[in-house]
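Next come the chains, spelled out residue by residue.
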Amino acid sequence: MREGKIKVNQGVMIKPQYQIFNSEGVGSFEEQWNDCLDSLLLFMEANPVQKPFVVRVFIAANNQEQYNNRSNLIKHRMDTLGIPFSVLAEAPESPNLVLVEAGFINSSIHQLEYGNAAGIKYCKIESSGYAEYWLAGVEGEEESLAENALNAFARLLQAFLHLGIGFDQIYRQWNYVEQIFGIQQIDGHLRQNYQVFNEARAEYYSKYLTVTGFPAATGIGTAFNGVTIECMAVVCDDDFKTIAISNPKQTNSYKYGQDVLKGEPQKRARQNQPPQFERARLMTDGASSRLFVSGTASIIGQETIGVGDIEMQTRVTIANIQSLVCEENLRAHHLQLDAIPDKYAYVRVYVKNAEDIPVVKAICRGHYKDVPVTFVQADICRADLLVEIEAEMVS
């Protein structure tokens, strides 16, 4: 159990709502961005009780310079709003050049505080005795990917110290890694970018994570911009339970064998560092619950299923999530669970090849129906994986 500081009252679990804003793919990038932002602002004006706690802006970019120009345009406008946000080089479905995904909370029930912690924007949500901290846009500021990843974690640590929280309180984390399965030569060794990131994460977890288990997490590729981290941290006490949920169909990622971890180990290591995250993490206060589903792909055990077959991989991924979130599996991890998280708050789908998005979209729409679903193009953490899906569920 992850320990916090504040006593929780029963029946006050935060239940977010998510909205997706796009421009229908009309006009230049700046015009599309203005349309998305206007839609976000109009929604906020029409729903003054609903306050945003995090915003993700997904953009298309052909090179680093174009990403920088487009990102700066977005940051210029978003910085004035004070909302935690990330700008991610993960292109939405063509002809869209930009897409905005935003999470909202009912401010008549919960209190929101926006602020800046050591240069990182955050939103604190308080609900009758427990608090969530959402941090976004934690970007590395170094040239090499290894130093960039370490710098991103260092900046996150400084923000935590400012807020009086720590790595023990992270329940959900997103890790965006440039060219995630790309190979580069470092100190005479052929290193995979994801493995380089995993080592940076392991270094900080080994120093600052003192509780058992890991956050639910997504590790996903971006076209540019090194490493960006987002996270949700919770402060609570023993009345509030959080349970790591494993998938009976999948090996826990931190137990992966070396044969599925690509690239050579770092110079001083004998083996590669497996990724450290839980398949999902359940939060419950007894009367209600939430479930954070980590990025999930077409993997059974630790082996990729359906190599080269986008339809099979999409269906296997959805089946893996169903196996993970079903009542039987949740109760196997927490027998006293009274409130089953059986409603999707949002789903996000990462597709490796842009031409596959319509196929994946059709399958997901058939399964997830009216749930807000974001579709973006992104490399998955293995070269033979074509799709990855994450979600949040509420009771």
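This text follows the structure it describes.
Report follows, based on the coordinates. A quick note: this is a predicted structure, and the numbers were derived from the prediction, not measured.

**Details of unusual backbone geometry**
Then, number 1: Backbone torsion omega between Ser 94 and Pro 95 reads 10°, so that peptide bond is classified as cis.
Then, number 2: Tracing the sequence through the fold places Pro 95 in the loop between β3 (85-88) and β4 (98-106).
Then, number 3: Positive phi values are uncommon outside glycine, yet Gln 179 reaches one of about 45°.
Then, number 4: Structurally, the position occupied by Gln 179 is in the loop between β8 (170-178) and β9 (183-186).

**Quick look at the pattern of salt bridges**
Then, number 1: As enumerated under the stated definition, the model contains 15 salt bridges in all.
Then, number 2: Among the salt bridges present, the one from Glu 203 reaches Lys 207, with a minimum N-O distance of 3.5 Å. Highlighted residues: Glu 203 and Lys 207, both in helix α4 (residues 193-208), separated by four residues, approximately one helical turn.
Then, number 3: Glu 390 is paired through a salt bridge with Arg 348; the nearest N and O atoms lie 3.8 Å apart. Separated by 42 residues along the polypeptide, Glu 390 in strand β20 (residues 387-394) and Arg 348 in strand β18 (residues 343-351) bring together distant segments of the chain.
Then, number 4: Residue classification places Glu 390 among the buried positions, given a relative accessible area of 0%.
Then, number 5: Put simply, Arg 56, Glu 101, Arg 172, Glu 230, Arg 348 and Glu 390 are held in one network by salt bridges that share partners.

**As for the packing of helix α1 (residues 29-46) against helix α2 (residues 64-78)**
Then, number 1: α2 packs onto α1 with a crossing angle of 25° between their chain directions and a minimal axis gap of 11 Å. As far as their axial angle goes, α2 and α1 are roughly parallel. The two elements α1 and α2 cross, and the hand of that crossing is right-handed. Mapping the contact onto sequence places Phe 29, Glu 30, Trp 33, Asn 34, Leu 37 and Leu 41 in α1 and Arg 70, Leu 73, Ile 74, Arg 77 and Met 78 in α2.
Then, number 2: For the contact of α1 with α2, the residue count by class is seven nonpolar, one polar and three charged.

**Digging into the pairing of strand β5 (residues 111-117)**
The side chains of a regular strand alternate, residue by residue, between the two faces of the sheet.
Then, number 1: One ladder, built from seven bridges, connects β5 with strand β6 (residues 120-127); its direction is antiparallel. Across the sheet, the residue bridging to Leu 112 is Ile 125, located in β6.
Then, number 2: Taken together, β5 and the strand that follows it, β6, pair antiparallel across an intervening segment of two residues, in which Ala 118 is found at a positive phi of about 55°.

About the cut-offs
- Residues numbered from 1 in each chain as written.
- Predicted model: local features only at pLDDT ≥ 70, side-chain atom pairs only at ≥ 80, totals over all residues.
- Heavy atoms only, no water.
- Helix = DSSP H or I, 4+ residues; strand = E, 2+ residues; numbered from the N terminus.
- Salt bridge = Lys/Arg side-chain N within 4 Å of Asp/Glu carboxyl O.
- Buried < 20%, exposed > 50% of the residue type's maximum accessible area, 1.4 Å probe, protein only.
- Axes fitted to C-alpha atoms, helices over the stretch in contact; angles between N-to-C directions.
- Parallel < 35°, antiparallel > 145°, perpendicular 65-115°, else oblique.
- Left-handed = near helix turned anticlockwise from the far one by under 90°.
- Contact = heavy atoms within 4.5 Å.
- Nonpolar A, V, L, I, M, F, W, Y, C, P; charged D, E, K, R; others polar.
- Pairing = 2+ DSSP bridges.

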